[in-house]
Amino acid sequence: MKILVINCGSSSLKYQLIDMENEHVIAKGLCERIGIAGGHIEGKTFDGRQFSEEIDLPDHTVAFGRVKDALLEGECKVIDSLDEIAAIGHRVVQGGAVFDHSVVVTPEVIREIDNLSALAPLHNPAHIQGINACTEVFGEEKPQVVVFDNAFHSTMPKYAYSFAIPQDLAEKHQIRKYGAHGTSHKYLVERYAEIKGIPLEGTKIITCHLGNGSSVSAVKDGKCIDTSMGLTPLDGLVMGTRSGSIDASAVTFLQEREGWTPKETSEFLNKKCGLLGVSGSSSDMRDNMTAREEGDKNAELATDMLFYQIRKYIGSYVAAMNGVDAILFSGGIGENSVHTRDAVVRELGWLNIRLDEEANDVRGKEIRISTDDSAVEVWVIPTNEELAIARDTKRLVEEQ
Ligand code: AMP
């Protein structure tokens, strides 16, 4: 069975065709600048064939049409017929409190995703465009499944996901913590249990998905009980360009003093803060680490803030779960930054965690980086959100 996994944004789409017999990627690629002049598509196959093309992509239907052609014909052909694709799985950012698990797409599901657009104005409308374009290009009979980025966090208790504001207002506007990166956090704990050959029941795991966007989750018995992202992916840790948690008074103060509209304020907090804002030079962790090594004090502050905040979240989640068995690092920073993992774990000696420095000298590889006598296991586990989406899609299609 082959599953096509789609991650669709307002002007971009990424795809992967996965063979579920062995869970290998057969082909993958991306379309950029959809609906904007200067469109681009590129892709590659499992056996090293590649293509790249500058082509106008006026809308998502044209982009999906081009993806279909790339899979079916030309130098990068990987299938003989669309019948080989059993189903399509879409990543959807916001399922609100409506969807606590993945579902097969129906007109009602599309309506509900649309109703939740206020909570993800950049993402949910783009996902609907992607689903509709897929229906046009791949046909109505091709099953489509939506996998929600926040569904894994739906198990948080009310006292963890509520904000301390009048509850009638919270309910009226659906304001609460929803979290994000759920597909990744879920993949990480399930992969850990798989590696260890243990059930998730009885485990206490802290997952650190650290990339351009970052979040930490507390997962008890395989269920998320808290996570660092909030109503939107702005909350929690310092990120590439996002501020992370900030006293709301600082925000209203800035609005008053700078005369910003809510839209300008949101743009500021999402695009101009985080590592970029503090360092004044780059949102990229590698750039910041290089600048830090060259003595740049602003980059040092930005990265120290990140290390400190990751540690604080870990400490608070140990308290929230009354213990921890394993800490898992993933995402571009978590998988590749030896320094970040070292800076975070080194100060957690009070938990009797011991880092294996040699093992920690690793990039993008699944490996345990704690010593045998460490009281808590620490692992690097490269995330695989596409595979998690493909697995859910396969399961739902087989259940139909
Ligand atoms: P992601 O959003 O998961 O793709 O992660 C992107 C982030 O990972 C960027 O900030 C990169 O600079 C960071 N990253 C990738 N490789 C490294 C590395 N070797 N050391 C530090 N950060 C890295």
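Attention here is on the structure that accompanies the text. Counting restarts for each chain: residues are numbered from 1 in the order of the written sequence. Restriction of local features to residues with pLDDT of at least 70 applies here, the model being predicted, together with a cutoff of 80 or more for giving and counting side-chain atom pairs; totals for whole chains, interfaces and linings are based on all residues. Computation of side-chain values covers all heavy atoms of the structure but excludes hydrogens and water.

## Considerations on the site of the ligand
Thinking step 1. In the neighbourhood of the ligand, the contacting residues comprise Gly211, Asn212, Asp284, Met285, Arg286, Gly331, Gly332, Ile333, Asn336 and Ser337.
Thinking step 2. Here the accessible surface of atoms and residues is derived via Shrake-Rupley with a 1.4 Å probe, and residues count as covered only by protein chains that are part of the display. Computed on the free molecule, the ligand has an accessible area of 500 Å², of which 73% lies beneath the protein chains in the complex.
Thinking step 3. Every element with two or more residues in the shell around the ligand is listed here: α10 (285–293) and α12 (331–336).
Thinking step 4. The biggest single contributor to the shell around the ligand is α12, with four residues. Any residue with a heavy atom lying within 4 Å of a molecule or strand is counted as near it. Only DSSP runs of H or I covering at least 4 residues are called helices, and only runs of E covering at least 2 are called strands; the numbering of each starts at the N terminus.

## Some remarks on the layout of surface pockets
Rolled over the atoms, a probe as big as a water molecule pinpoints where empty space is left.
Thinking step 1. Quantified by volume, the second largest pocket comes out at close to 390 Å³.
Thinking step 2. For the lining of the second largest pocket, the secondary structure elements donating two or more residues are β8 (144–148), α6 (182–196), β11 (223–227) and α15 (385–399).
Thinking step 3. Following the grouping adopted for this structure description, the nonpolar residues are Ala, Val, Leu, Ile, Met, Phe, Trp, Tyr, Cys and Pro, the charged ones are Asp, Glu, Lys and Arg, and the polar ones are all others, Gly among them. Looking at side-chain class alone, the lining of the second largest pocket contains eight nonpolar, seven polar and eight charged residues. Within this scheme a cavity is a closed region of a 1 Å grid, computed over the protein atoms alone, that accommodates a 1.4 Å probe without allowing it to escape, whereas a pocket is open but has protein on both sides within 12 Å along at least five of seven lines; lining residues each have an atom within 4 Å of a point. Grid points are joined across faces, edges and corners, and a volume is the space filled by probe spheres set on the points.

## Some remarks on the sheet that holds β11
Thinking step 1. Spatial strand order, β11-β10-β9-β12-β14-β13: six strands in an open sheet with mixed pairing. Looking at the sheet topology across the chains shown, the edges are occupied by β11 and β13 (367–368).
Thinking step 2. What makes two strands pair is DSSP finding at least two bridges between them. In the sheet, strand β9 (residues 204–210) pairs with strand β12 (residues 326–330) via five bridges, with the strands oriented parallel. In the strand pairing of β12, Ile205 is matched with Ala326.
Thinking step 3. Relative to β9, α6 is tilted by about 130°, and along the sheet it contacts β9, β10 (214–220), β12 and β14 (377–380).
Thinking step 4. Contacts: residue pairs with any heavy atoms within 4.5 Å of one another. Think of each axis as a best-fit line through the C-alpha atoms, taken over the contacting stretch in the case of a helix, with angles from 0 to 180 degrees between the N-to-C directions. Along the sheet, helix α13 (residues 338–346) makes contact with β9, β12 and β14, crossing β12 at roughly 155°.

## Considering helix α2 (residues 107–115)
Thinking step 1. Each residue is placed in one exposure class: buried if its accessible area under a 1.4 Å probe, protein chains only, is under 20% of its type's maximum, exposed if it is over 50%, and partly exposed if it falls in between. Buried within α2 we find Val109, Ile110 and Ile113. Take α2 and look down its axis: the buried residues cluster within an arc of 100°, on one side only. Exposed residues lying more than 90 degrees from the buried face of α2 are Pro107 and Asn115.
Thinking step 2. In this structure, the buried side of α2 is in contact with β6 (85–92), β7 (103–104), α3 (124–138) and β8. Our arc is simply the arc of the directions from the helix axis toward the C-beta atoms.

## Remarks on the sheet that holds strand β3 (residues 24–32)
Pairing between the strands of a sheet comes from backbone hydrogen bonds, and it takes one of two forms, parallel or antiparallel.
Thinking step 1. The eight strands lie next to each other as β5-β4-β3-β2-β1-β6-β8-β7, forming an open sheet whose pairing is mixed. Only two strands of the sheet have a single partner each, and these edge strands are β5 (50–54) and β7.
Thinking step 2. Bridge count for β3 against strand β4 (residues 40–45) is six bridges, and the pairing is antiparallel. When the bridges of β4 are listed, Gly29 appears paired with Gly43.
Thinking step 3. Where α2 meets the sheet, its contacts fall on β6, β7 and β8, and the angle it forms with β8 comes to roughly 30°.

## Overview of empty space enclosed by the protein
Thinking step 1. In this structure the tally under the stated criterion is one cavity of 30 Å³ or more.
Thinking step 2. A volume near 40 Å³ is recorded for the largest cavity.
Thinking step 3. Lining of the largest cavity is provided by Tyr15, Ala27, Lys28, Gly43, Lys44, Thr45, Phe51, Ala70, Leu71 and Cys76.
Thinking step 4. Going through the elements one at a time, β3, β4 and α1 (60–72) are the ones with two or more residues in the lining of the largest cavity.
Thinking step 5. Classifying every residue of the lining of the largest cavity gives six nonpolar, two polar and two charged.

## Section: the nonpolar core
Thinking step 1. By convention a nonpolar core is built from buried Ala, Val, Leu, Ile, Met, Phe, Trp, Tyr and Cys residues, the set being connected through side-chain atoms within 4.5 Å. Core analysis: the biggest nonpolar cluster contains 37 residues, and Ile206, Cys208, Ile310, Ile314, Ile327, Phe329 and Ile353 have the highest contact counts within it.
Thinking step 2. Counting only elements with at least two residues in this core, the list comes to β9, β10, α10, α11 (297–321), β12, α13 and β14.
Thinking step 3. Residue contributions to this core peak at nine residues, all from α11.
Thinking step 4. Discounting chain neighbours no more than four positions away, the residues touching Ile206 are Val216, Ser217, Ile314, Tyr317, Val318, Met321, Val324, Ala326, Ile327 and Leu328.

## Structural notes on the pattern of salt bridges
Thinking step 1. The working definition used for a salt bridge is a side-chain nitrogen of Lys or Arg within 4 Å of a carboxyl oxygen of Asp or Glu. Applying the stated criterion to the full structure yields 23 salt bridges.
Thinking step 2. For the salt bridge of Arg363 with Asp361, the shortest nitrogen-to-oxygen distance reads 3.7 Å. With respect to burial, Arg363 and Asp361 carry one shared label: exposed.
Thinking step 3. Linking Glu399 and Arg395 is a salt bridge whose minimum nitrogen-to-oxygen distance equals 3.5 Å.

## Remarks on the pairing of β3
Thinking step 1. By the bridge criterion, seven bridges tie strand β2 (residues 13–19) to β3 in an arrangement that is antiparallel. Bridge pairing in β3 links Asp19 to His24.

## Comments concerning the pairing of β14
Thinking step 1. In β14, alternate side chains face the same way, and those of Glu377 and Trp379 on one face and Val378 and Val380 on the other are all buried.
Thinking step 2. Note: β12 against β14, four bridges, orientation parallel. Pairing of Ile327 across the sheet is with Val378, part of β14.
Thinking step 3. Both β13 and β14 contribute to a ladder of two bridges, which runs antiparallel. If you follow Arg368 over to β14, its bridge partner there is Trp379.

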